[in-house]
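Architecture at a glance
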Amino acid sequence: MSVYTQLTNDQFAAFCQSFGVSFVRAIPITQGIKNSNWFIQTTDDVDGAHSYVFTLFEERPPEDIEKMAVILNQLDGKLPVAAPLSLVDSEEKCYVIQYDNKAITLVPCLAGAHPQQTTQAMCHEIGGALAMLHETLQALQPAQEYGVPLYPWSDVRDREMQFMPGDEAKLMSDIWQSYSTLPLASLPKGLCHLDMFADNTLWNLQKGEERLTGLLDFTEVSVEHYVMDIAITINDFCTTWGDAEQGERVHFDRSKMTAFLQGYESKRPLNNDEKRALPVMLAKAAVIFWLLRLNVIHYNRTEGRTGDNIMVKNPDLMKRLAAYHWSHVEKAQNIVFVLLNTSLNASKDNQIAGIFSNIKQAEQARENLKSDSEFEIKEYKLDALA
């Protein structure tokens, strides 16, 4: 189980009382790799039920967790979230207890279970939920005051690449370079969840009637490109992760991705730049979580955190997913876009007005042409063009 800080029953009772909750028992929660979490049973619970989740945030400072509480209150009523309880004796709304320079929150339990597998219908629904999240949080302005700073993943990249085999380092470097050439300034951005994996969601899993009942873990909410948040969520919801007995295979389901995007665009349509950036963003998102898992291993090692209560997710799974997405990006890089003069008076020798590596360049060239002639953009594989 992932519990890093141990608390006594007397401590649990005192902390819960500060939130107006009568404590009976704390039950460790096994999921998660960053924070310590427990279910809390109260005097009102019967038959082993539990009403709240008690979280001790191991890394994020308390002021970040206070921002998270505001975000959850903004979403409450529009999406199934659990907003932190406020302290009963606080003159102003306060949602955090500080203990050993760490934040503690208590939130109501949400119904449902984590899905072991996803369906196309579930991918469609989570797509719509993520779009609603993006739209709703636009009300919190300036967004930078509510989101936590993005983690310096480039520093982790530079550290870890020193120890990687050459092919892995090249894969990571190529994806990062391709990301840096995207039209990032034109991509819409705002407050994003950035960790919407299936195990951070809850569902009513009755077969054929699956329904989203909970969105969890808002500790990573930051200002980022919406398409990155989309890519992160797609990568988990649309991938089947095999266990050790299955050879830890990684199978990405493109039909699930289509369902997700349909659900998302039913609430917030993507612009053309976002659609073009998505393949690279999928690869970059996999790289980020590859680095995250390597960073957890590094952190555990440097902090001397060992034992059966430490859970580490396999970084190689994200490496394989990054390689899969990158293979599709590379395949697309063998495509060129040809601007053709299709007017009747154009001779065969003068039909090609330009050849471009991406469609945006071709469209810009077509717009810049001051001519009465008709121009069409066609897509060709390099070998076919030759």
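Residues numbered from 1 in each chain as written. Predicted model: local features only at pLDDT ≥ 70, side-chain atom pairs only at ≥ 80, totals over all residues. Heavy atoms only, no water.

Structural notes on the environment of Tyr-264
- Inspection of the secondary structure puts Tyr-264 in helix H7 (residues 254-265).
- Residue class for Tyr-264 comes out buried when judged on its relative accessible area of 0%.
- As a C-alpha pair, Tyr-264 and Ile-230 span 34 residues in sequence and 8.6 Å in three-dimensional space.
- Setting aside chain neighbours within four positions, we find Tyr-264 in contact with Gly-127, Gly-128, Leu-130, Ala-131, His-134, Tyr-226, Ile-230 and Leu-270.
- Here the side chain of Tyr-264 touches His-134 through a polar contact of 2.7 Å, side chain to side chain.
- Of the polar contacts made by the side chain of Tyr-264, one reaches the side chain of Arg-268; its length is 2.8 Å. (Helix = DSSP H or I, 4+ residues; strand = E, 2+ residues; numbered from the N terminus. Buried < 20%, exposed > 50% of the residue type's maximum accessible area, 1.4 Å probe, protein only. Contact = heavy atoms within 4.5 Å. Polar contact = N/O pair within 3.5 Å; in protein donor to acceptor, adjacent residues only side chain to side chain.)

Some remarks on the packing of helix H5 (residues 166-180) against helix H8 (residues 272-303)
- Contact geometry of H5 with H8 gives a least axis separation of 9 Å together with a crossing angle of 130°. With respect to each other, H5 and H8 are oriented oblique. In this structure, H5 crosses over H8, and the sense of that crossing is left-handed. Contacts between H5 and H8 involve Glu-168, Leu-171, Met-172, Ile-175, Trp-176, Ser-178 and Tyr-179 from the former and Val-280, Met-281, Ala-283, Lys-284, Val-287, Ile-288, Trp-290 and Leu-291 from the latter.
- Taken together, the residues that form the contact of H5 with H8 break down as 12 nonpolar, one polar and two charged. (Axes fitted to C-alpha atoms, helices over the stretch in contact; angles between N-to-C directions. Parallel < 35°, antiparallel > 145°, perpendicular 65-115°, else oblique. Left-handed = near helix turned anticlockwise from the far one by under 90°. Nonpolar A, V, L, I, M, F, W, Y, C, P; charged D, E, K, R; others polar.)

With respect to the sheet that holds strand E3 (residues 52-57)
- Pairing in this open sheet of five strands is antiparallel, and the strands run E1-E2-E3-E5-E4 from one edge to the other. Looking at which strands have only one partner, the edges of the open sheet turn out to be strand E1 (23-28) and strand E4 (97-99). On average, each strand axis in the sheet is tilted by 30° relative to the strand beside it, whichever way the strands run.
- As paired elements, E3 and strand E5 (residues 102-108) share six bridges and run antiparallel to each other. Directly across from Phe-54, in E5, lies its bridge partner Leu-106. (Pairing = 2+ DSSP bridges.)

A word on the pattern of salt bridges
- For the structure on display, the rule yields 11 salt bridges.
- One salt bridge connects Lys-102 with Glu-58, and the closest N-O pair in it is separated by 2.7 Å. Taken together, the positions of Lys-102 in strand E5 and Glu-58 in the loop between E3 and helix H2 (62-75) put the pair 44 residues apart, joining distant regions of the chain.
- Given the relative accessible area of 10%, Glu-58 is considered buried.
- With a shortest N-O distance of 2.6 Å, Arg-60 and Glu-220 are connected by a salt bridge. With a gap of 160 residues between them, Arg-60 in the loop between E3 and H2 and Glu-220 in the loop between strand E8 (211-215) and strand E9 (222-225) connect regions that are remote in the sequence. Each member of the pair, Arg-60 together with Glu-220, is buried.
- Three or more residues joined by partner-sharing salt bridges are found here, namely Glu-168, Asp-316 and Lys-319. (Salt bridge = Lys/Arg side-chain N within 4 Å of Asp/Glu carboxyl O.)

Notes on H5
- The end-to-end C-alpha distance of H5 is 21 Å, a good match for the 21 Å that 15 residues give at a rise of 1.5 Å each.
- Those residues of H5 that fall on the buried side of the exposure criterion are Glu-168, Ala-169, Leu-171, Met-172, Ile-175, Trp-176, Ser-178 and Tyr-179.
- On its buried side, H5 packs onto helix H4 (153-161), E9, helix H6 (226-237), H8 and helix H9 (315-332). (Expected span 1.5 Å × (residues − 1).)

On their own, these measurements won't tell you what the molecule is for.
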